[in-house]
Amino acid sequence: MFRPFALILMTFLSIVGAVAQDDRLNELNFDEEPLPEETVAYSSVGIGPVFSLFTPDMTDVNAKATAMGIDELSSPFIFAGAEVFAAIGIVPNLRFGFSWLSGSVGSVKDFISTGGGTKRSLDYAISMRSLHIDYAIVPVSKLAIIPGVGLTWGYSTITQSTTTGSFDWVSDTSMTSQVFLEQSSLCLQPRLSLEYAVTPFLNLRAQAGYTVPVSTSDWTANVHATAQNVPSSIGINGVSAQIGVFVGLFN
């Protein structure tokens, strides 16, 4: 008499237990939570050629060219050189580099005189060696916005020549007069670069900068003499635009 009742009761309890377990299973959350993105510190080691357009004040240099009767010197300068840099990891996203650049512009003109042909020329050359400190900001993958500053040692030369005839090595005679002016400068060079890592081994750069002298030597003439009344506007001071291609390791 009690056996059928007990069987019915056990069946009922089993169903209730199964339903209760199913409700608890519904409470469980099996959705996969995204893993936190891994942040990779900026790192780069590179070396490559760089090319710059540099625009110093040429007003007084070209005034000298006009006084000599020759054409004005073209501007901007086209600088060529190289740069090497590395992020060494002591301070995140900070990197150090060294660059060397040089370029020149000139003007020459032939004059016909009684004694033969005469050439007059004016050449202006600048070279720069710089230590750089840059800080990389990486807004998206492969692209870096890099403000920085350079400490630059600059060297300027202006060569004014008038030549008639030829030079004889044996007799050491010529009809040439030449004045060679030179000046050295210590400059600051704030700059802003955009760099794109095309591959982990190739990096492209576009850059804008400004070079301003903080200390300059006196101009000298023909190495040993002091040059007087050289206009203060002539010097390593101006805006630059640069492109570069680097090989190395870039994240």
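Given the structure is predicted, the values throughout are model-derived calculations rather than measurements.

Undergrad: Tell me about the packing of aromatic side chains, and please be specific about residues and values.
TA: By convention here, two paired aromatic rings are described through the distance between centres and the angle between planes. In the structure shown here, the tally under the stated rule is six aromatic pairs. Where F77 meets F79, the ring centres are 5.8 Å apart and the plane angle is 70°; that geometry is what we call edge-to-face. Each member of the pair, F77 together with F79, is buried. A ring pair is formed by F85 and F250, whose centres lie 6.4 Å apart and whose planes are at 45°; its orientation type is tilted. In this pair, F85 sits in strand 2 (residues 77–86) while F250 sits in strand 11 (residues 238–250), placing the two residues 165 residues apart along the sequence. Of the two residues, F85 and F250, both sit in the buried class. Aromatic rings pair up to connect F54, F77, F79 and Y124 into one cluster. When the ring centre of F85 is taken as reference, the NZ or CZ atom of R95 above it lies at 3.9 Å. Geometry around F111 places R120 over its ring, the cationic atom sitting 4.6 Å from the centre.

Undergrad: How would you explain empty space enclosed by the protein if you had to name every residue and give the values?
TA: Summed over the entire model, instances satisfying the criterion amount to one cavity of 30 Å³ or more. Quantified by volume, the largest cavity comes out at close to 100 Å³. As for the largest cavity, its lining consists of 14 residues, of which S52, L101, M128, Q189 and Q242 are closest to the centre. Those elements that provide at least two residues to the lining of the largest cavity are strand 2, strand 3 (94–113), strand 4 (116–135), strand 7 (173–199) and strand 11. Broken down by element, the residue count for the lining of the largest cavity peaks at four residues, all from strand 4.

What counts, and where the lines are drawn
- Residues numbered from 1 in each chain as written.
- Predicted model: local features only at pLDDT ≥ 70, side-chain atom pairs only at ≥ 80, totals over all residues.
- Heavy atoms only, no water.
- Phe/Tyr/Trp six-rings, centres within 6.5 Å; stacked < 30°, edge-to-face > 60°.
- Buried < 20%, exposed > 50% of the residue type's maximum accessible area, 1.4 Å probe, protein only.
- Helix = DSSP H or I, 4+ residues; strand = E, 2+ residues; numbered from the N terminus.
- Lys NZ or Arg CZ within 6 Å of the ring centre and 35° of its normal.
- 1 Å grid on protein atoms, 1.4 Å probe; cavity = no way out; pocket = protein on both sides within 12 Å on 5 of 7 lines; lining within 4 Å.
- Points joined across faces, edges and corners; volume = space filled by probe spheres on them.

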